[in-house]
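# Close look at the chain arrangement
Below are the chains, spelled out letter by letter.
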Protein chains: 2
Amino acid sequence: MPNKHENPYNALKRIFHEPNRMAIISALCSTSNGLTFRALKEQCELTDGNLSRHLKVLEEAGVLMIEKKFVGAKPQTRAFLTDKGRENFVEYLQVLEEVLKKAAEAVSTSDAGSEQPFGAIKTARA
Amino acid sequence: MPNKHENPYNALKRIFHEPNRMAIISALCSTSNGLTFRALKEQCELTDGNLSRHLKVLEEAGVLMIEKKFVGAKPQTRAFLTDKGRENFVEYLQVLEEVLKKAAEAVSTSDAGSEQPFGAIKTARA
């Protein structure tokens, strides 16, 4: 769980807050068998270079494991989420939810902001 | 509203996704009369240098206006959110909400993820 005394905005300064990394981890969360480099590249709409760079950062942080093997004559790279990676991502999402509620509240309680309420967030808080 | 055809993760690559800037804009959303440099610094737990840098970026993007005046003998800097800034922030929060739901769904539908459901997000979707 996020530290209750920590400024929630500070807690966002983590590895997952980069949008492409959020996309990569979300895609990996949806499978139990990992995803190939090619599948990740397509799902996350990334170039080879960008995906490689993000995978390296995430692997070094222990968030995922990279497996390289041959399938027939072709080399295949596959990424798997680690247990630690999943736990940290869940914590990150909890902080993000808290920050989003706070921001949505700030927007909807201010004088000029009543025209665009956040239905889903309000329902969630009720 | 966010463009429906846009990858929501790409839509996060915007000025608001930096955690300190989210804190600054959220604080400004809660007031109709702007906030002084000093109040923002305290609320957002930032140094003078960091706050100045973020305010400059946000002012150049048209998200906020900076007013410098003398109050008695003391100079005072005050930041106000612009209408455009508020609109863009609301759009950003909508995209963020979408991305958060998607990620929470990925986490809670996968094999290993049932121990930490996202109650609020699930309620919001029901």
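To start, this report covers the structure provided alongside it.

All names here are of chain B. Pairing is antiparallel in the open sheet, where 3 strands are placed in the order β1-β3-β2. Whereas interior strands pair on both sides, the edge strands pair on one side only; in this sheet they are β1 (35-36) and β2 (64-71). Summarising the sheet, β1 and strand β3 (residues 74-81) pair through 2 bridges and their orientation is antiparallel. Looking at β3, one finds that Thr36 is bridged to Arg78. Here helix α2 (residues 19-29) sits on the sheet and contacts β1, β2 and β3; the angle it forms with β3, its principal contact strand, is near 90°. Against the sheet, helix α4 (residues 48-60) touches β2 and β3, its axis set at about 120° to β2.

Phi angles above zero are rare outside glycine, and A:Glu45 is one such case at about 55°. On the basis of relative accessibility, which here comes to 52%, the residue A:Glu45 falls in the exposed class.

Time to look at the pattern of salt bridges. Residue and element names in this part refer to chain A. With the rule as written, the count across this model stands at 8 salt bridges over all chains. The closest approach of N and O atoms between Lys69 and Glu67, which form a salt bridge, is 4.0 Å. You can call Glu67 partly exposed: its relative accessible area is 32%.

What counts, and where the lines are drawn
- Residues numbered from 1 in each chain as written.
- Chains lettered and ligands numbered in written order.
- Predicted model: local features only at pLDDT ≥ 70, side-chain atom pairs only at ≥ 80, totals over all residues.
- Heavy atoms only, no water.
- Pairing = 2+ DSSP bridges.
- Helix = DSSP H or I, 4+ residues; strand = E, 2+ residues; numbered from the N terminus.
- Contact = heavy atoms within 4.5 Å.
- Axes fitted to C-alpha atoms, helices over the stretch in contact; angles between N-to-C directions.
- Buried < 20%, exposed > 50% of the residue type's maximum accessible area, 1.4 Å probe, protein only.
- Salt bridge = Lys/Arg side-chain N within 4 Å of Asp/Glu carboxyl O.

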